[in-house]
Amino acid sequence: MIHLLHKLRTGKSVYHGMYGTDLWQYVDEHNGAQDAAAAYPQSGPAFDIHLIIDHPCWSRAGTFVDVGGNTGALVESLLAAYPRLRGTLIDLPTFAEQARRRFTEHNLSDRATAIGQSFFDPLPAGADVYVLSAILADWDDDSAIRLLRNCAAAAGTNGTILVSEVRLTEQLERSDTGMALWVEASMENPDRTAADISMLAERAGLCVTDVREAATRIALELRVQ
Ligand SMILES: C[S@@+](CC[C@H](N)C(=O)[O-])C[C@H]1O[C@@H](n2cnc3c(N)ncnc32)[C@H](O)[C@@H]1O
């Protein structure tokens, strides 16, 4: 497998060996978000997404930020489920552009905004919920803590951070070893448990107020301590 040894030697994802940068930066710079959106125009959120959509945090929320929201599938689903909710998507510029297009096409522009920026830069402040779905797996602990601190700074003491990670390798190990190996090689940390994420949260000055688990996903609700 290409650059598998890079992961074994350095712990960094194979994409660092292949491209000298992380996958998403590379895709963004090569306009791959547009290609992906063209290939999968109706793709929706997946992997036990009900853990996010049905989470009790939405009952008290009016606004949210989808941090690393890709092309807007989760924002669209949340807005469909909660008619009073308004969302802001943050992603790298070409992904945000695709999200903006989706929101316009689906008549959501009055409730959904997409901003093209790095999620390591200051985030829009004061939203009720900051969602990170399938984000932390791509980052080492120091970067994950930096991102959580950035969310905490924007959320303040009134906001909630909902971290949800997709966990596939245990199941894939039994059914598709090649795919399990690829997931392991292409991400920095695809196997963090709820306890691992709780430790990152604590180091970012956050406390865990709720933990939920399904077959392929975990979700932790965090608040500023
Ligand atoms: C694995 S995808 C998850 C997408 C979506 N949240 C989901 O649940 O399917 C990771 C997302 O993070 C975005 N991303 C990666 N690095 C980023 C950065 N520095 N700033 C903003 N977004 C970034 C990627 O473009 C991608 O859309």
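Note that the coordinates shown come from a computational prediction; the quantities given were computed from them, not determined experimentally.

Spanning 13 residues, helix α7 (residues 93-105) covers 18 Å between terminal C-alpha atoms, matching the ideal 18 Å at 1.5 Å per step. What α7 keeps buried is the set T94, F95, A96, Q98, A99, R102 and F103. Phi turns positive one or two residues past the end of α7, at N107, with a value near 55°.

Further remarks concern the sheet that holds strand β4 (residues 129-133). What the 7 strands build is an open sheet, ordered β3-β2-β1-β4-β5-β7-β6; its pairing is mixed. The two strands at the open ends of the sheet, each matched to only one other strand, are β3 (112-116) and β6 (206-213). Within the sheet, the average angular offset between the axes of one strand and its neighbour, ignoring direction, is 20°. Across 5 bridges, β4 lies against strand β5 (residues 160-166) in parallel orientation. Paired with Y130 across the bridge in β5 is I161. In the packing of helix α6 (residues 73-81) onto the sheet, contacts are made with β1 (63-67), β2 (86-91), β3 and β4, and the angle to β1 comes to roughly 160°.

In this section: the pairing of β3. Where β2 meets β3, 5 bridges bridge the pair, whose relative direction is parallel. When the sheet's bridge partners are listed, L89 is paired in β3 with A114. As for the winding sense of the linkage, the β-α-β connection from β2 through α7 to β3 is right-handed.

What follows deals with the site of the ligand. G68, N70, D91, F119 and S133 are the nearest of the 15 residues found near the ligand. Between the ligand and the protein, one listed contact pairs an oxygen atom with a side-chain N or O atom of N70 at 2.8 Å. A distance of 2.6 Å separates an oxygen atom of the ligand from a polar atom in the side chain of D91. For the ligand, whose unbound accessible area comes to 600 Å², protein coverage reaches 85%. Split by residue class, the shell around the ligand holds 8 nonpolar, 5 polar and 2 charged.

Turning our attention to the packing of helix α8 (residues 141-155) against helix α11 (residues 194-203). At their nearest, the axes of α8 and α11 sit 9 Å apart, and the two run at 60° to each other. By the angle between their directions, the pair α8 and α11 is classed as oblique. Seen along the crossing, α8 lies across α11 with a hand that is right-handed. Of the residues in α11, those in contact with D141, D142, A144, I145, L148 and R149 of α8 are L200, A201 and R203. Classifying every residue of the contact of α8 with α11 by side-chain character gives 5 nonpolar, no polar and 4 charged.

Another aspect to go through is α8. Each α-helix turn comprises 3.6 residues. Residues three or four places apart therefore point the same way. Here α8 spans 21 Å end to end across 15 residues, near enough to the 21 Å set by a 1.5 Å rise per residue. Restricting attention to buried positions, one finds in α8 the residues S143, A144, I145, L147, L148, N150, C151, A152, A154 and A155. Close packing links the buried residues of α8 with β1, β4, β5, α11, β6 and β7 (217-224).

With that settled, consider the pattern of salt bridges. Following the criterion strictly, the structure yields 9 salt bridges and no others. The salt bridge partner of E76 is R102, with a shortest N-O separation of 2.9 Å. With E76 in helix α6 and R102 in helix α7, this pair connects stretches of sequence that are 26 residues apart. Between D142 and R203 there is a salt bridge whose closest N-O contact spans 3.8 Å. A residue pair is termed long-range when its members are at least 10 positions apart, and D142 in helix α8 and R203 in helix α11 qualify at 61 residues. According to the relative accessible area criterion, D142 is exposed, its value standing at 55%.

Analysis parameters
- Residues numbered from 1 in each chain as written.
- Predicted model: local features only at pLDDT ≥ 70, side-chain atom pairs only at ≥ 80, totals over all residues.
- Heavy atoms only, no water.
- Helix = DSSP H or I, 4+ residues; strand = E, 2+ residues; numbered from the N terminus.
- Expected span 1.5 Å × (residues − 1).
- Buried < 20%, exposed > 50% of the residue type's maximum accessible area, 1.4 Å probe, protein only.
- Pairing = 2+ DSSP bridges.
- Axes fitted to C-alpha atoms, helices over the stretch in contact; angles between N-to-C directions.
- Contact = heavy atoms within 4.5 Å.
- Right-handed = clockwise from strand over helix to strand, strands pointing away.
- Near = heavy atom within 4 Å.
- Polar contact = N/O pair within 3.5 Å; in protein donor to acceptor, adjacent residues only side chain to side chain.
- Areas by Shrake-Rupley, 256 points an atom, 1.4 Å probe, with all protein chains shown as cover.
- Nonpolar A, V, L, I, M, F, W, Y, C, P; charged D, E, K, R; others polar.
- Parallel < 35°, antiparallel > 145°, perpendicular 65-115°, else oblique.
- Left-handed = near helix turned anticlockwise from the far one by under 90°.
- Salt bridge = Lys/Arg side-chain N within 4 Å of Asp/Glu carboxyl O.

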